[in-house]
Amino acid sequence: MEKIFLLPDLPFDYNDLEPFMSEETLRIHHDKHHAAYVKEANFILERLDKAREGGLELNLKAELKALAFNAGGAILHSLFWANLAPPGTSKGEPVGSVKMAIEEEFGSFERLKEQLNKTAMSVEGSGWAALVYQKETRRILPMQIEKHDVNLYPAVQILLVLDAFEHAYYLDYKNEKAKFFEAFWNIANWEEVNNRFEKLIQ
Ligand code: MN
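How each quantity is defined
Residues numbered from 1 in each chain as written. Predicted model: local features only at pLDDT ≥ 70, side-chain atom pairs only at ≥ 80, totals over all residues. Heavy atoms only, no water. Helix = DSSP H or I, 4+ residues; strand = E, 2+ residues; numbered from the N terminus. Rg over C-alpha atoms; globule rule 2.2 N^0.38 Å. Buried < 20%, exposed > 50% of the residue type's maximum accessible area, 1.4 Å probe, protein only. Contact = heavy atoms within 4.5 Å. Areas by Shrake-Rupley, 256 points an atom, 1.4 Å probe, with all protein chains shown as cover. Salt bridge = Lys/Arg side-chain N within 4 Å of Asp/Glu carboxyl O. Pairing = 2+ DSSP bridges. Axes fitted to C-alpha atoms, helices over the stretch in contact; angles between N-to-C directions.

For this particular structure, what's the right way to read the overall build of the chain?
Broken down by element type, the chain carries seven helices and three strands. Its helices and strands taken in sequence order, the chain reads α-α-α-α-β-β-β-α-α-α from the N to the C terminus. Here the C-alpha radius of gyration of the chain, 18 Å, is about what a compact globule of 202 residues would show, namely 17 Å. Structurally, the chain occupies a C-alpha span of about 55 × 40 × 35 Å along its principal axes. Buried positions account for 42% of the 202 residues belonging to the chain. Once local pairs closer than 6 in sequence are excluded, the contacts in the chain between residues at least 24 apart make up 67%. Accessible surface, the chain as shown: approximately 11000 Å² in total, 51% of it carbon and sulfur.

Right, dumping it as structure tokens:
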């Protein structure tokens with residue numbers, strides 16, 4: 001196994017998420033932005049290896065900050081593509097065990113959507129809204145991630161992520177990011193979210 005980050009192929013075609021996410025957005029987002037995080041994270045890993053071999057002096061503080069940002073970008077985008085699906089795939093609603101857990105935790109799916117949308121809307125600058133499972137408390141919680149690595153709880157498991165960087169929506173929605181966050185629920189892959197959840201509660 002290669003000890004590097006990989007850029008996964010999308011599990012759908014570039015135009016499969018229209019009209020909620022355009023082919024142009026998806027091409028740039030996956031092929032350029034995600035690819036760049038993967039490339040840069042791997043480049044930093046390579047520099048760490050070189051430094052260990054004695055060939056390079058590193059500013060470790062700066063390198064590790066950049067690694068957290070780029071590795072976070074690589075991993076979060078892989079999770080994001082996998083928790084998206086063409087409209088209609090899971091009828092736009094949670095399924096299975098996670099559906100029951102969401103109803104118990106939030107009262108209803110509507111309240112979850114409301115909290116996640118507010119989580120995404122209130123990101124300062126660039127970041128993500130996530131739905132996570134915290135094993136210690138056995139709770140499903142919203143989590144806001146600034147950039148790719150700030151405000152993360154240690155060791156929580158990510159069930160679903162929603163990209164709130166401008167590059168995720170600007171071509172399609174311009175400054176109206178609320179419309180993108182609303183649209184997201186049409187292309188959320190609840191089968192995948194449920195699979196992630198069921199693996200954690202076994
Ligand atoms: Mn992104």
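Is there a simple way to explain the pattern of salt bridges in this structure?
Two side chains that carry opposite charge are able to pair once their charged atoms sit near each other. Enumeration according to the criterion identifies 10 salt bridges in this entry. In this structure, the salt-bridge partner of glutamate 23 is arginine 27, at a minimum N-O distance of 3.0 Å. Linking glutamate 23 with arginine 27, this pair stays in helix α1 (residues 23–52), spanning four residues, or about one helical turn. Given a relative accessible area of 27%, glutamate 23 falls into the partly exposed group. On the accessibility criterion, arginine 27 (35% relative accessible area) is partly exposed. A salt bridge links lysine 179 to glutamate 176; the nearest nitrogen and oxygen atoms lie 3.3 Å apart. Assessed through its relative accessible area of 47%, lysine 179 is described here as partly exposed. What makes glutamate 176 partly exposed here is its relative accessible area of 41%. Put simply, Glu40, Arg47 and Glu63 are held in one network by salt bridges that share partners.

What's the story with the environment of glycine 92 in this structure? I'm lost.
Tracing the backbone shows glycine 92 in the loop between α2 (60–82) and α3 (96–106). In this structure, the C-alpha to C-alpha distance between glycine 92 and leucine 141, residues 49 residues apart in sequence, is 20 Å. Apart from the residues lying within four places of it in its own chain, the contact partners of glycine 92 are Phe109, Trp185 and Trp190.

Please explain the pairing of strand β2 (residues 139–146) as it appears in this structure.
Working note: regular strand, side chains alternate between the two faces of the sheet. Pairing of strand β1 (residues 127–134) with β2 involves eight bridges; the strand directions are antiparallel. By the bridge assignment for β2, valine 132 is matched with leucine 141. If you look at the hairpin formed by β1 and β2, you'll find four residues sitting between the two strands, and arginine 138 has a positive phi there, around 50°.

Even after reading the chapter, I still don't get the sheet that holds β2, so can you show me in this structure?
By way of backbone hydrogen bonds, the strands of a sheet pair with one another, either parallel or antiparallel. A sheet is described by the order of its strands in space; here three strands give the open sequence β2-β1-β3, paired in antiparallel fashion. Only two strands of the sheet have a single neighbouring strand rather than two, namely β2 and β3 (157–163). Averaged over all neighbouring strand pairs, the angle between strand axes comes to 25°, with direction disregarded. Alignment of β1 against β3, held across six bridges, turns out to be antiparallel.

Everything listed here is a matter of coordinates, which is why it stays silent on function.
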